[in-house]
Amino acid sequence: MNHLLQRFSQSLCQLGINKPKERVLIALSGGADSVSLLLLFKKVSPQIDLELAAAHYNHSMRGKESDADADFVAELTNRLQVPLYSETAPPKWWLQEPGTKMEVARRLRYDFLRRAAEQAGAQWIALAHHADDMAETVLFHMLRGSGIKGLSGIPAKRGPFVRPLLPFRRKELEAFLNAEGQNWRHDSSNDSDAYTRNRIRHQIMPALLYFNPKLVETLCRNADLLRADAEFLDRECELVYGQVQQEEGLKVKALIDLPLALRRRVLRRFLEPESLGSEKTDAILDQLQKNLGRSGIVDQVGGKYLINEGGILRIYEKLPWLGNCDFLYPIAIPEEKNHSVLLEIPEAEGSLEVTLRTEKPVSLMHDEGPPTQAMKSTLQLKAEVLQRGPLSIRNRRPGDWLSLAGGAGRKKLKEFFIDKKIPRQLRNRIPLLTSGEEVLWVIGYWTGCHDTIEQPEQDVITFQWYGKTI
């Protein structure tokens, strides 16, 4: 018995629960696992000077049996002089939230435990999962086809939640309670093979134990090995993510060049909080690799569109090229200097502020690439530009052209879009500052090749774009 207590103390130490006056909230269902957890904490807490509390959530799924569990827990904690926090689930709770009944039950229980821990001032929430639970979880995930994360099993520590009993077998915990003369509650739902986990426990585990009597230990050891590998790969993913990311997208070529394990992790990291299975992840990566260098729709995830835009993978809630988006707005130059006019451009999801100034600007701001979130871009031109004709902001038209640097001639806007690898479907949505067919500014992509503003008292028109660009 002393050996059991020593192992439990070591488990707490490994979890970092070894500071005096820390408070631990113990999730107490009344079953053998949680009752043994409570008694073990009660025995070792004086050595570490821990403060204890317990929490019980009554799902009311088994009628009078559930109520009897709650009464048992109340009597036990009262006898052990451990404060108890309890709550009963609302009627028909499984109809009020999305997910399966078991998923909703788990979510309600964990929400309650967090609230109870806050009320109790507890730094830790102790759960009673043990080695047999770990082995069954690994088998469950294996049968579902889970990857390395699922095969890592149950984490010993995640945030405030800790599982000190993972090194222990179910049979030794029950032996401990019997030696203490402590009874426990039996959950009759654990007897039913209607649940997959119960079938694993009652049918698959006994069959596999025939081939390997140390099966539980083997599965737990494999889970530990895989968890260490998964944690290493997660750290590597965070290191390379910044190298692959561009603005709010991913550089497709850089993503494809990563080793497959990191490729998958970076993509899943990019698509969070959506949770991708391995098949979906690989299907998206295959599409990107097959169509490398080609723009277009890659896939849909969570009702959103994944689009490769000139080598950058981006997420759109709706397709940006749907609908008739032709627009043209004449630009009125303010009559008074240092006054501004604001022009709303709803088709391009932005607005243009125009100001006539006489002082030399302090600095010039330029676009270096297509932003994907609200921002401000600035272009400044000599007021002489008005001599070329009326200015407007619009989308592209046949015959549009722009001037090359150093007076090297003209270039068709279509050729510019091709050189920049801007997807054909997006070109109609890009706002342009124009004078007739001449494009002075491709907002978000090109600030033009304009004369330098040299004289401090020279009249200057400042154009500021606020909003998104495609």
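Residues numbered from 1 in each chain as written. Predicted model: local features only at pLDDT ≥ 70, side-chain atom pairs only at ≥ 80, totals over all residues. Heavy atoms only, no water.

For the protein chain, an unreviewed UniProt entry supplies the name tRNA(Ile)-lysidine synthase and the organism Heliobacterium chlorum. In its Subcellular location (unreviewed entry) section, the UniProt record describing the protein chain reads: "Cytoplasm". UniProt, in the comment section headed Catalytic activity (unreviewed entry), describes the protein chain in these words: "cytidine(34) in tRNA(Ile2) + L-lysine + ATP = lysidine(34) in tRNA(Ile2) + AMP + diphosphate + H(+)". (UniProt positions renumbered as here; feature names shortened; annotations may be inferred.)

Before going further, it helps to examine the sheet that holds strand β10 (residues 304–309). Hydrogen bonding along the main chain pairs the strands of a sheet, whether they run parallel or antiparallel. Ordered in space as β7-β8-β11-β10-β9, the five strands form an open sheet in which the pairing is antiparallel. Edge strands, defined here as strands with exactly one partner in the open sheet, are β7 (245–246) and β9 (296–301). Running over the sheet, helix α11 (residues 260–270) touches β8 (249–251), β10 and β11 (312–316) and is turned about 35° from β11. Contacting β9, β10 and β11, helix α12 (residues 278–290) runs over the sheet at an angle of about 175° to β9. (Pairing = 2+ DSSP bridges. Helix = DSSP H or I, 4+ residues; strand = E, 2+ residues; numbered from the N terminus. Contact = heavy atoms within 4.5 Å. Axes fitted to C-alpha atoms, helices over the stretch in contact; angles between N-to-C directions.)

Our focus in this paragraph is unusual backbone geometry. Here the residue pair E272 and P273 is connected by a cis peptide bond, since its omega of 10° sits within 30 degrees of zero. With respect to the helices and strands, the residue P273 is situated in the loop between α11 and α12. Positioned with a positive phi, K21 is a non-glycine residue whose angle comes to about 70°. For K21, the location among the structural elements is in the loop between α1 (2–15) and β1 (23–27). Despite not being glycine, D49 shows a phi value in the positive range, around 65°. Topologically, D49 is positioned in the loop between α2 (32–48) and β2 (51–58). We classify D49 as partly exposed; its relative accessible area is 32%. (Buried < 20%, exposed > 50% of the residue type's maximum accessible area, 1.4 Å probe, protein only.)

Another point: a positive patch on the surface. Among the surface-exposed residues, R106, R109, K149 and R158 lie close enough to one another that they form a single positively charged patch. Considering the arrangement of structural elements, one finds R109 in helix α4 (residues 101–120). (Patch = residues over 30% accessible without salt bridge, like charges linked within 9 Å, V, L, I, M, F, W, Y side chains within 5 Å. Areas by Shrake-Rupley, 256 points an atom, 1.4 Å probe, with all protein chains shown as cover. Salt bridge = Lys/Arg side-chain N within 4 Å of Asp/Glu carboxyl O. Lys, Arg positive; Asp, Glu negative; His and termini not counted. Charge placed at Lys NZ, Arg CZ, Asp CG, Glu CD.)

Bringing the nonpolar core into the picture now. By size, the foremost hydrophobic cluster in this structure holds 35 residues, and its most contacted members are F8, V24 and F41. Going through the elements one at a time, α1, β1, α2, β2, α3 (64–80), β4 (124–126) and α7 (170–180) are the ones with two or more residues in this core. Once you skip the residues sitting within four places of it in the chain, F41 turns out to touch F8, L12, V24, I26, L50, L52, A126 and P164. (Core = buried A, V, L, I, M, F, W, Y, C linked by side-chain atoms within 4.5 Å.)

With that settled, consider the pairing of β2. Here β2 lies mainly inside the structure; seven of its eight residues are buried. Where β1 meets β2, five bridges bridge the pair, whose relative direction is parallel. Following the sheet pairing, V24 is matched in β2 by L52. Between the parallel elements β1 and β2, the chain passes through α2 in a crossover that is right-handed. By the bridge criterion, five bridges tie β2 to strand β3 (residues 84–88) in an arrangement that is parallel. Considered in β3, the bridge of H56 is made with S86. On the question of chirality, the crossover connecting β2 to the parallel β3 by way of α3 is right-handed. (Right-handed = clockwise from strand over helix to strand, strands pointing away.)

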